[in-house]
Amino acid sequence: MLALTLLYILSSVLPSTVTADNLFGQACSTANNHLQVGTYQFDGDCDPTTYCAPNNTCAHKGCRKDIFPFGYSQDANKLPELCPNGQFCPDEGDACQDLLPVDSPCQLDRDDECQAPPNFKELSDEKFGLNYNGSVCLNFQCMWANVTVGLKCVVENTAYIVYGANDQESINIVSRGNCVKGLYCDSQQLVCIQTKNLGEACTADKECSSMNCLASQVCGKEIDAAAHFGIWVYVIVGIGIIGGMFGTLIALFFFHGKQREKEREKRLQYWREQNAFRQNIMQMRDTAHASLLSLPLGANTNGSNSARSTLYSREGLSDDSHLPMIQNAGPRGSGLRHQNHADELEGEDYDSNNVVRERENDGVRYRSAQAF
């Protein structure tokens, strides 16, 4: 198995020109030219790029019948020429030859070797390829496919070997005739009969107008026929597409709705915390305000008649009592001095009664009464 694998790799790597150079000029015999069993491919002593010349040596082919000929590498620099109109390239590939008239000998399944009839446009079968420009090669003889219904016809049955699953061999019989399009040559009666429609009983592909006789022996649709569905299928597919779109939108709406609820709950919780914090501050302010208002009127905590005492008592008001308090308080000291003074009070007995509340335009602040 390993040796076969290596041989296959080497044969695929080496260009085909090496094989051609090895067989070119080698001895051969035209008597060995034949068709392979089962495939009916032309074969001989030479390789696919050479043919056995009349001098019994392998020579390079002088023509080709296919656009991509068999046996040449993809990067081949030079290929044999295609034959022009009015000529054909035989299976040997030696040189182009003129088309053959009716009743001339031809090669197997080479309808293109025969001359076309005058009404070839009407007789030509381009759909299934039952003829070539109205000409057929049946039983190695050129003829025209112009026999009408009920008339005698010629039939050719060729058995090909085909391979299925697990390399299982089976026989595929191809039956051809010289009837016009829409007819087939019955192998038993040898007369042209009208082809059968879809669903009718059949025994061979040629009997059906679709060229497809099912295993149930009824004519089926063409193998390459497009699949057609009922209107209800398109309606169901359209409803499914529209339903899927709306279902996706609804699912996204509910999904984002849950996300919005989570974000809303977070904002509500934050607002509640901030509102509670504000209420606490307001309560602390009211408590401080109430504690200051509870002091006795006219009380002087430091034993002197300072201007600060006029804030809580109107007794003993002077003529200047209508002036603003800031004028009696004297020049304002710097905040740094008050901070230093507060630091000096640390460690000493600090009387909270000496703390007064002063309201100014820039807000509420607390200062020591002894700082004035």
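Residues numbered from 1 in each chain as written. Predicted model: local features only at pLDDT ≥ 70, side-chain atom pairs only at ≥ 80, totals over all residues. Heavy atoms only, no water.

### Focus on a nonpolar patch on the surface
Taken together, the side chains of Val237, Ile241, Ile242, Met245, Phe246, Leu249, Ile250, Leu252, Phe253 and Phe254 make up a nonpolar region of the molecular surface, amounting to roughly 1100 Å² of accessible area. Considering the arrangement of structural elements, one finds Phe246 in helix H4 (residues 231-293). (Patch = residues over 30% accessible without salt bridge, like charges linked within 9 Å, V, L, I, M, F, W, Y side chains within 5 Å. Areas by Shrake-Rupley, 256 points an atom, 1.4 Å probe, with all protein chains shown as cover. Salt bridge = Lys/Arg side-chain N within 4 Å of Asp/Glu carboxyl O. Helix = DSSP H or I, 4+ residues; strand = E, 2+ residues; numbered from the N terminus.)

### Notes on unusual backbone geometry
Although it is not a glycine, Asp109 adopts a positive phi angle of roughly 60 degrees. Its place among the elements puts Asp109 in the loop between strand S8 (97-98) and helix H3 (120-123). Of note, Asp167 is a non-glycine position whose phi angle comes to about 60 degrees, a positive value. Checked against the element boundaries, Asp167 lands in the loop between strand S11 (155-163) and strand S12 (169-177).

### As for the nonpolar core
The tendency in soluble globular proteins is for nonpolar side chains to be buried as a group. Within the largest apolar cluster, nine residues are counted, these being Leu123, Val147, Cys153, Val155, Cys179, Val180, Leu183, Cys185 and Cys192. Residues contacting Leu183, with those up to four places away along its chain left out, are Val147, Thr148, Val149, Cys192, Ile193, Gln194 and Thr195. Among the nonpolar cores identified, the runner-up in size contains six residues, and Phe88, Cys106, Cys114 and Cys142 belong to it. (Core = buried A, V, L, I, M, F, W, Y, C linked by side-chain atoms within 4.5 Å. Buried < 20%, exposed > 50% of the residue type's maximum accessible area, 1.4 Å probe, protein only. Contact = heavy atoms within 4.5 Å.)

### Here we look at the pairing of S11
Where S11 lies against S12, nine bridges are found, and the strand directions are antiparallel. Of the residues in S12, the one forming a bridge with Tyr163 is Glu169. In this structure, the hairpin formed by S11 and S12 is closed by a connection of five residues, where Asn166 is found at a positive phi of approximately 60 degrees. (Pairing = 2+ DSSP bridges.)

### Observations concerning the packing of aromatic side chains
Considering all chains together, one arrives at two aromatic pairs under this definition. Between the aromatic rings of Tyr40 and Tyr160, the centroid separation amounts to 5.1 Å while the plane-to-plane angle is 80 degrees, which identifies the pairing as edge-to-face. Of this pair, Tyr40 sits in the loop between strand S1 (34-35) and strand S2 (42-43) while Tyr160 sits in strand S11, and the two are 120 residues apart along the sequence. Both rings, one in Phe253 and one in Phe254, keep their centres 5.7 Å apart while their planes meet at 80 degrees; by these two values the pair is edge-to-face. Here the two residues Phe253 and Phe254 agree in accessibility, since each one is exposed. (Phe/Tyr/Trp six-rings, centres within 6.5 Å; stacked < 30°, edge-to-face > 60°.)

### Side note on the pairing of strand S10 (residues 141-144)
Inspection of the sheet shows strand S9 (residues 135-138) paired to S10 by four bridges, in the antiparallel sense. Bridging from a neighbouring strand, Val136 pairs with Met143 of S10. The turn linking S9 back onto S10 is made up of two residues, and Asn139 within it adopts a positive phi angle of 55 degrees.

### Section: the state of the cysteines
Overall, the coordinates contain 10 disulfides when judged by the stated rule. A sulfur-sulfur separation of 2.1 Å characterises the disulfide bridge that pairs Cys63 with Cys89. The S-S bond linking Cys63 to Cys89 shows a torsion near 80 degrees; that makes this disulfide right-handed. With a gap of 26 residues between them, Cys63 in strand S5 (residues 63-64) and Cys89 in the loop between strand S7 (87-88) and S8 connect regions that are remote in the sequence. For the residue pair Cys63 and Cys89, the accessibility class agrees, reading buried in each case. Disulfide pairing is shown between Cys153 and Cys185; the S-S distance is 1.8 Å. Around the S-S axis, the bridge from Cys153 to Cys185 shows a dihedral of about 85 degrees and counts as right-handed. (Disulfide = S-S within 2.5 Å.)

Read these as geometric descriptors, not functional statements.
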